[in-house]
Amino acid sequence: MRDAQPKAIQLSDYRAPNYQVETTHLRFELFNDYTIVHSKLELVRHQADATSLHLDGQELELISIELDGQPLTAERYVLGEESMEIHGLGERHTLAIVTRIYPAKNTALEGLYRSGGMYCTQCEAEGFRRITYYPDRPDVMSVFTTEIIADAEQFPVLLSNGNPVSETVSDGKRHAVWLDPHKKPAYLFALVAGDLKVKEDRFTTMSGRDVVLKIFVEPQNIDKTDYAIDALQRSMRWDEEVYGREYDLDIFMIVAVDDFNMGAMENKGLNVFNSSCVLANPATATDAAYQRIESIVAHEYFHNWSGNRVTCRDWFQLSLKEGFTVFRDAGFSADMNSATVKRVEDAKIMRTVQFAEDGGPMAHPVQPDAYIEISNFYTVTIYEKGCEVVGMLHKILGAEKFRKGSDLYFARHDGQAVTINEFVSAMQDASGIDLTLFKRWYKQAGTPIVSATTKYDAEAKTLSLTLRQHTPDTPKQTNKLPVWIPVQLGLLDANGNDMAIQVEPAAAWTPESQVLHFKEAEQTFVFSGVTTEPVVSLFRDFSAPVKVQFDQTPTDLLFLLKHDSDGFNRWDAGQRLMLHWIEQAAATSEFSLAPTEREALASLLADTELDAAMVAYLLTLPSEAYISEFSDVVDPLRIHTSREAVCQAIAVDLSAEFKDCYLRLCSSDEYAPIPAQMTARALKNLALSYWARVTDEGLEQAQQQFASADNMTDQMAALIVMVNSGNEAVAAPALTSFYQQWQTDPLVVNQWLSAQAGSSAMGTVEHVKYLLAHPAFDWRNPNKVRSVISIFANQSLVNFHREDGAGYALLADAVIRLNSSNPQIASRLLTPLTKWQRLVPTLSQLMKAELQRIMHQGNLSKDVYEVVSKSLG
Ligand code: 0A1
Ligand code: ZN
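Remember, predicted model here, so these are calculated numbers, not experimental data.

For the rest of this paragraph, the subject is the site of ligand 1. With respect to spatial proximity, 14 residues lie near ligand 1, and among them E124, E266, E300, E322 and Y383 are the closest. Within the backbone of A264, an N or O atom sits 3.1 Å from an oxygen atom of ligand 1. Computed on the free molecule, ligand 1 has an accessible area of 370 Å², of which 95% lies beneath the protein chains in the complex. Put simply, the parts of the chain that give the shell around ligand 1 at least two residues each are β20 (264-265), α2 (287-302) and α3 (318-336). Across the shell around ligand 1, the residue classes tally to 5 nonpolar, 4 polar and 5 charged.

Throughout the structure, instances matching the rule amount to 44 aromatic pairs. Both rings, one in W238 and one in F332, keep their centres 5.8 Å apart while their planes meet at 80°; by these two values the pair is edge-to-face. In this pair, W238 sits in helix α1 (residues 226-243) while F332 sits in helix α3, placing the two residues 94 residues apart along the sequence. You can call W238 buried: its relative accessible area is 5%. Here F332 falls in the buried class, since its relative accessible area comes to 0%. Between F252 and Y301, the aromatic rings sit 5.5 Å apart at their centres with planes inclined by 75°, giving edge-to-face as the arrangement.

Before going further, it helps to spend a moment on the coordination of the zinc ion (ligand 2). Protein-derived coordination of the zinc ion (ligand 2) comes from H299 (NE2), H303 (NE2) and E322 (OE), at a distance range of 1.9 to 2.0 Å. If you look at the zinc ion (ligand 2), its 4 donor atoms make angles of 98 to 128° with each other, and the shape they trace is tetrahedral. Each donor residue of the zinc ion (ligand 2) lies on one chain, and together they are spaced H-x3-H-x18-E. Across the pair, H303 and H299 agree in class, each one buried.

Turning next to the pairing of strand β27 (residues 485-488). The alternating pattern of β27 places I485 and V487 on one face and P486 and Q488 on the opposite face, and all of these are buried. In this structure, β27 lies alongside strand β31 (residues 515-518), joined through 4 bridges in antiparallel fashion. Across the sheet, V487 pairs through a bridge with L516, a residue of β31.

Relative to the 21 Å expected for 15 residues at 1.5 Å per residue, helix α19 (residues 728-742) spans 21 Å between its end C-alpha atoms, a close match to the ideal helical length. Considered for burial, the residues of α19 that qualify are V730, A731, A734, L735, F738, Y739 and W742. Buried residues along α19 cover an arc of 140° about the axis, so they all sit on one side. Exposed and oriented more than 90 degrees from the buried face of α19 are E728, A729 and Q740. Along its buried surface, α19 packs onto α17 (696-708), α18 (712-724) and α20 (746-757). Between the side-chain oxygen of the N-cap and the backbone nitrogen of A729 there are 3.1 Å, and the N-cap of α19 in question is N727.

Conventions and cut-offs
- Residues numbered from 1 in each chain as written.
- Chains lettered and ligands numbered in written order.
- Predicted model: local features only at pLDDT ≥ 70, side-chain atom pairs only at ≥ 80, totals over all residues.
- Heavy atoms only, no water.
- Near = heavy atom within 4 Å.
- Polar contact = N/O pair within 3.5 Å; in protein donor to acceptor, adjacent residues only side chain to side chain.
- Areas by Shrake-Rupley, 256 points an atom, 1.4 Å probe, with all protein chains shown as cover.
- Helix = DSSP H or I, 4+ residues; strand = E, 2+ residues; numbered from the N terminus.
- Nonpolar A, V, L, I, M, F, W, Y, C, P; charged D, E, K, R; others polar.
- Phe/Tyr/Trp six-rings, centres within 6.5 Å; stacked < 30°, edge-to-face > 60°.
- Buried < 20%, exposed > 50% of the residue type's maximum accessible area, 1.4 Å probe, protein only.
- Donors = N, O, S within 2.8 Å, 3.2 Å for Na, K, Ca; no water.
- Tetrahedral: all angles 85-135°; square planar, octahedral: opposite > 155°, others 65-115°.
- Pairing = 2+ DSSP bridges.
- Expected span 1.5 Å × (residues − 1).
- Arc of directions from axis to C-beta.
- Contact = heavy atoms within 4.5 Å.

Listed below in structure tokens is the structure:
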């Protein structure tokens, strides 16, 4: 909490630390009401002539402080509200500090806190300073030894980073010692204490070393660990095969905790996971949950190299580890499942959530240059756009040179805290490709808009493609320069086959990756030997995170939907066609499919050669959030109504086909979370949703599937169909019986909450208030808050944007309530309110008024203050 206006931290103010901490020795004594933390730091001067040391500290009670074995006298140090400055220092010192902290009162879930009966930590980005006074910055890297002393009976499991050294019990106290031989910043520190059960397995690394793998969970969850272990083993093997990265400790541990602000955390050797991102069994977890677990387990594991062995110099470099690691986990998921489906899923997030962020008041570059609260910068821009930027490097360099670049990066910087510049330099040095221009992607915020026009010359047999790019202004950044955009493309002949490509200037074309290098504000490329006018397929594989303005007729789009050899662009052509339909429905208040369009959808549904999950995506309309990206002034009700009209028309026109498809894909095989089954279920349940929308028979089938399902994917899909039917007599009993069946399993109850809060039919303001008062809800648990409030505000858009502003008020009330207890969650909830400027005037005013109401609360956390003040501009 703050009194004065918080100050922004600037990248340009970065200074290397005065002292490094060679070794850090920590001793934790866990008592019921408080914890005593003893720290002993071996300090070494790092800047010539430096005599002072800055330590960070928050919410700490200082008990004692000694320098080189002597109490430090008061004139040698200055205690600030969140810092300690020690003066008169020399070359080397031993600094010993004792603090008292109160984990049970820690509702912010940063630092050391209690979740249920266990203790756990979250130190990224700046949580360690809530444990003890320390130079809590990522460029201070130290070898940590951790001792934990706790009641032996209450806490049979005591864990920290690295390898176990010893564990003894005396006088009812358990005393465990852990040593992490790898230097690390404090943000990677972790401690866990609890009465936990463990699932154990092994992994033999590529050089033949044996690693013990352990997943610790609360006892009731021990039957939900198999999949995470399997995903971990596959991740470890994949990182060896694809990136040559081997694991480097004797043990790798994961702990599942119920109260966690984010998805998971890559603490060295001891990953801590939100239980929703690691626990699964067929009865309780959906296919989507299995896939999330697979990718997050991989993500955290991959951080061991991209983040831990090579870490960030400062938090402005956050995307160095996050963008690269998301790129790595995306590659893993693509290899484990379908690469095209993964690309579609990632592009959808970019185009809805990231493009919206890039066009709003919180827009920031992948490498920001200022922040008030770093927790606000764990964003889709840092993660997903950061991944796309790395992906463009991969397209520009090609797989082989990219791998050389990553090898060089890891070899050069192992054990160091570095910047994004060092990453790009390694890519440049290994490939011999000058990447100076490419670096603009890291510095400029905003989504480039690329417009394309073509001209075919039948006589000369040439096609000219003119591309123009422009990146809009964003807060505090104007007059942006052109960026290097890799445009992967193809030209389709009349049969839908790819033509051979010859282009001028030849140097702008990389044949292996079929990429055109577009680097200026405007460029014209001339394709020769084009014997018939082609249909152009631009930005295949979503080759750059840009908005594309390229007028293609519905006929061309239908052609691409049928024939494009690039799966991503087939899907994209379908989405663009559907956007036309939705526009048409909005303009005329009615819609019906043309026979050719109906035919195209029907043949997709019947196409058993295509990946079934891909078919499901091809038949899913663009989301309301994506549609709103195309309006200057967003009218959520109009978008909802027109999208519904198209959805209804498709369901009516193809109801028999959806029924056939559903029945064809019903299977009696025992459930397994394997790609072949997951993709079939995705299409089956999509077909059910269309079929049940327009026929009683379909809705009855949903009821039957709900009652007889042996897995959560089918049960939940059926429940959602019933909830969305708007038929109270069908939905209400199903919701009651589901709750009775699953009320003791919090992760399933969260899905039950979301199914209601996110439904346009059911997620009304009144119903959300009912859910908030339900015994299943708990304001202290971030998963519950997300399951109800975030899901409501991001998915039940017609209700959130209710004309009297009640949806906005509900969200603002939640933010105000959480501002003091959990600022990170409060701030993350705010995102939907940041979009007020794009709404129709009446809604815009109502939303803005809620932001102002929050602002006038006073005593805002830095987290909430930053988002609200930037949103109000
Ligand atoms: N580094 C983690 C993300 C993370 C960030 C902050 C957290 O606490 C506030 C927790 C996790 C990752 O990328 O998975
Ligand atoms: Zn990460």
